[in-house]
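Examining the three-dimensional arrangement
Below, each chain spelled out in residue letters.
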Amino acid sequence: MDQLWAPWRMDLIEKGQAPDGCIFCRLPKATDDRENLILGRTASAFAILNKFPYNNGHLMVVPRTHTGELGKLSREEYAELDEALRTSIRLVGAAYKAQGYNVGMNLGQVAGAGIADHLHWHVVPRWNGDTNFMPVLGDTKVMIEHLHASWDRLRPLFDAEYRRGEPVASW
């Protein structure tokens, strides 16, 4: 029998382990970027791997401002966030040779936002034929790379953009 391992998914299942406060406010302030899956930062935004990915390389681009309303970002914050999104797509493409992307955000809980009070864009790399019998028949998604291996693959690209991980005015 083949075994599929995705041990990080247990955090999603165990509701009692929800962290206090907003993870998108707390994690970019922490010092262990690899443990927290932070890929890079700017003054107004950061990129972080999704802890519960749909595909390898699935990341999120998040404003540092804590808001669930797009209109509450300043023009400057939005412009920097938009550039961070464009850069993240380019870097995921370089690292994973993606042939396409699902990019988007869910605004509000009823729209499917898991963290509705802090905006975030999802970037999910896609490849021709990346859906196979496992999710269709087995209701199982095979992740071929551990999250820390994804971080190890992407972080050097973000470091090059961020000048060794230091916040910069723009990407």
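Above: the structure in question.
Think of each chain on its own: its residues are numbered from 1, step by step along the sequence as written. Where local features are concerned, this predicted model is filtered to residues with pLDDT of at least 70; where side-chain atom pairs are given and counted, the filter is 80 or more; whole-chain, interface and lining totals use all residues. Just so you know, side-chain values use all the structure's heavy atoms and leave hydrogens and water out.

One open sheet accounts for 5 strands, arranged S1-S2-S3-S5-S4; its pairing is antiparallel. Of all strands in the sheet, those bounded by a partner on one side alone are strand S1 (38-41) and strand S4 (100-104). Ignoring strand direction, the axes of neighbouring strands in this sheet form an average angle of 20°. When strand S3 (residues 59-63) meets strand S5 (residues 121-126), the two strands line up antiparallel, connected through 3 bridges. Strands were regarded as paired on the criterion that DSSP finds at least two bridges between them. Going along the chain from the N terminus, every DSSP run of H or I of four or more residues is numbered as a helix, and every run of E of two or more is numbered as a strand. Axes, fitted as lines to C-alpha atoms, cover a helix only where it is in contact. Angles between the N-to-C directions of the axes lie from 0 to 180 degrees.

With that settled, consider the side chain of histidine 58. In this structure, histidine 58 sits in the loop between strand S2 (45-49) and S3. We call two residues contacting when some pair of their heavy atoms lies within 4.5 Å. In this view, histidine 58 contacts Leu49, Asn50, Pro53, His122, Val123, Val124 and Pro125; residues no more than four positions away in its chain are not counted.

So, about the environment of histidine 148. By the secondary structure assignment, histidine 148 is in helix H6 (residues 147-162). For the pair histidine 148 and glutamate 35, spaced 113 residues apart in the sequence, the C-alpha separation amounts to 7.8 Å. Not counting chain neighbours up to four residues away, the residues in contact with histidine 148 comprise Arg34, Glu35 and Leu37.

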